[in-house]
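Chain and residue survey
Residue strings, one per chain:
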Amino acid sequence: DIQMTQSPSPLSASVGDRVTITCRTSQSISNYLNWYQQRPGKAPKLLIYLASNLQSGVPSRFSGSGSGTDFILTISNVQPEDFATYHCQQSYSTPPWTFGPGTKVEIK
Amino acid sequence: EVQLVESGGGMVQPGGSLTLSCVASGLTFKTYSMNWVRQAPGKGLECLSYISGNSNTIYYADSVKGRFTMSRDNAKNSLYLHMNSLTAEDTAVYYCAVVPAAIKRWLDPWGPGTLVTVSS
């Protein structure tokens, strides 16, 4: 099974900050890495697919990079609505796919 | 617009059974693979099961294999998760989610979820 870690957690930030969240996998997954945002009490929402592709309708301040085992989600100019939990998910293996433990972005 | 709505959650005693449903609209349901994902209180997300559009391929996570059964009725645009031998560790919000295409290996969109509580 592919194991996944995320760091840091939690992450404290102020409005306007640039934040980066790292996701690491226990084996290479090429670019089969997706990022989701989850606000409290809500379902997850797809932000980034295949490591670096911005989902339609997602603000351009979100970006993703990486391949192999190391991936990064960057939020430039954090906005109040961005304070949420971010989950990475690998889709390289046979389903069901696995998620990282999540990173909560909190207001500093 | 694609919409998913889960139902069937509630409180059940340990050892009991429950069946969840997910009704989809705004898409040609039979052409999409589907997933069930759960989230225990204060915890991360866990993919439980995957079913192809024609039900020929079904996968389960080890944590639910042999206890949970995923199925679908394409005529009713509906997805199901039948859960047996429930324990407190199955307490979670359960979501259904769409796999947009065979080469689009991600989950989008998701339903709002239904809460299952296993307690005596």
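Residues numbered from 1 in each chain as written. Chains lettered and ligands numbered in written order. Predicted model: local features only at pLDDT ≥ 70, side-chain atom pairs only at ≥ 80, totals over all residues. Heavy atoms only, no water.

1. What to know about the overall build of chain B
Rules: Segments assigned H or I by DSSP are reported as helices when at least four residues long, segments assigned E as strands when at least two residues long, and all are numbered from the N terminus. Values of the radius of gyration come from C-alpha atoms, whereas the globule rule sets the reference at 2.2 Å times the count of residues to the power 0.38. For every residue, the accessible area (1.4 Å probe, protein chains only) is compared with the maximum for its type, and the residue is labelled buried under 20%, exposed over 50%, or partly exposed between those bounds. What makes two residues a contact is simply this: any of their non-hydrogen atoms within 4.5 Å. Per-residue and other accessible areas were derived by the Shrake-Rupley procedure at a 1.4 Å probe size, with only the shown protein chains allowed to occlude residues.
Check the secondary structure of chain B and you find zero helices and 10 strands. Expected size for 120 residues packed as a compact globule is a radius of gyration near 14 Å; at 14 Å, chain B falls within 12% of this value. Its C-alpha atoms put chain B at 40 × 25 × 25 Å along the principal axes. Here chain B, with 120 residues, has 46% of them falling under the buried criterion. Of the contacts made within chain B by residues no fewer than 6 positions apart, 53% connect residues no fewer than 24 positions apart. On chain B, roughly 5,500 Å² of surface is accessible, and the fraction owed to carbon and sulfur atoms is 50%.

2. Quick notes on the state of the cysteines
Filter applied, for reference: Disulfides are defined as cysteine sulfur pairs within 2.5 Å.
If you walk through the whole model with that rule in mind, you get two disulfides over all chains. Residue pairing for Cys23 of chain A: its cysteine sulfur links by disulfide to Cys88 of chain A, the two sulfurs lying 2.1 Å apart. Taking the torsion about the S-S bond as the criterion, the Cys23 of chain A to Cys88 of chain A disulfide, at about 75°, is right-handed. Of the two residues, Cys23 of chain A sits in strand 3 (residues 19-25) while Cys88 of chain A sits in strand 9 (residues 85-90), which places them 65 residues apart along the sequence. For the pair shown, Cys23 of chain A and Cys88 of chain A are each scored as buried. Free cysteine Cys47 of chain B: the closest other cysteine sulfur is in Cys88 of chain A, separated by 12 Å.

3. Some points on the sheet that holds strand 3 (residues 18-25) of chain B
Residues and elements named next belong to chain B. Operational definition: DSSP calls a pair of strands paired once it identifies at least 2 bridges connecting them. Under this scheme, a helix contributes an axis fitted over its contacting stretch, all axes are lines through C-alpha atoms, and angles between N-to-C directions fall in the 0 to 180 degree range.
Pairing is antiparallel across the open sheet formed by four strands, whose spatial order is 1-3-8-7. If you trace the sheet from one side to the other, it starts and ends with strand 1 (3-7) and strand 7 (68-73), each paired once. The average undirected angle you get between the axes of adjacent strands in this sheet is 15°. Pairing of strand 3 with strand 8 (residues 78-83) involves six bridges; the strand directions are antiparallel. Within strand 8, the residue paired with Thr19 across the bridge is His82.

4. Topic: the interface of chain A and chain B
When the parts come together, some accessible area is lost, and that loss is often what is quoted as the size of the interface. Going by this rule: Each of two parts loses accessible area, computed with a 1.4 Å probe, when they are put together; buried area is these two losses added. Counted as salt bridges are all cases of a side-chain nitrogen of Lys or Arg within 4 Å of a carboxyl oxygen of Asp or Glu. In the analysis that follows, any N or O atom pair within 3.5 Å is treated as a polar contact, provided that within protein one partner can donate a hydrogen and the other can accept it, and provided that, for residues neighboring in sequence, both atoms belong to side chains. Under the scheme applied here, ten amino acids are nonpolar (Ala, Val, Leu, Ile, Met, Phe, Trp, Tyr, Cys and Pro), four are charged (Asp, Glu, Lys and Arg), and all others, including Gly, are polar.
Taken together, the contacts link 23 residues of chain A with 22 residues of chain B. Of the roughly 1,800 Å² buried between chain A and chain B on both sides combined, carbon and sulfur atoms contribute 66%. For the pair chain A and chain B, the number of links is zero salt bridges. Here chain A and chain B share seven residue pairs in polar contact (both at pLDDT 80 or more) between them. Looking at which element gives the most residues to the side of chain A that touches chain B, the answer is strand 4 (residues 33-38) of chain A, with three residues. Residue classes in the side of chain A that touches chain B are distributed as 13 nonpolar, eight polar and two charged.

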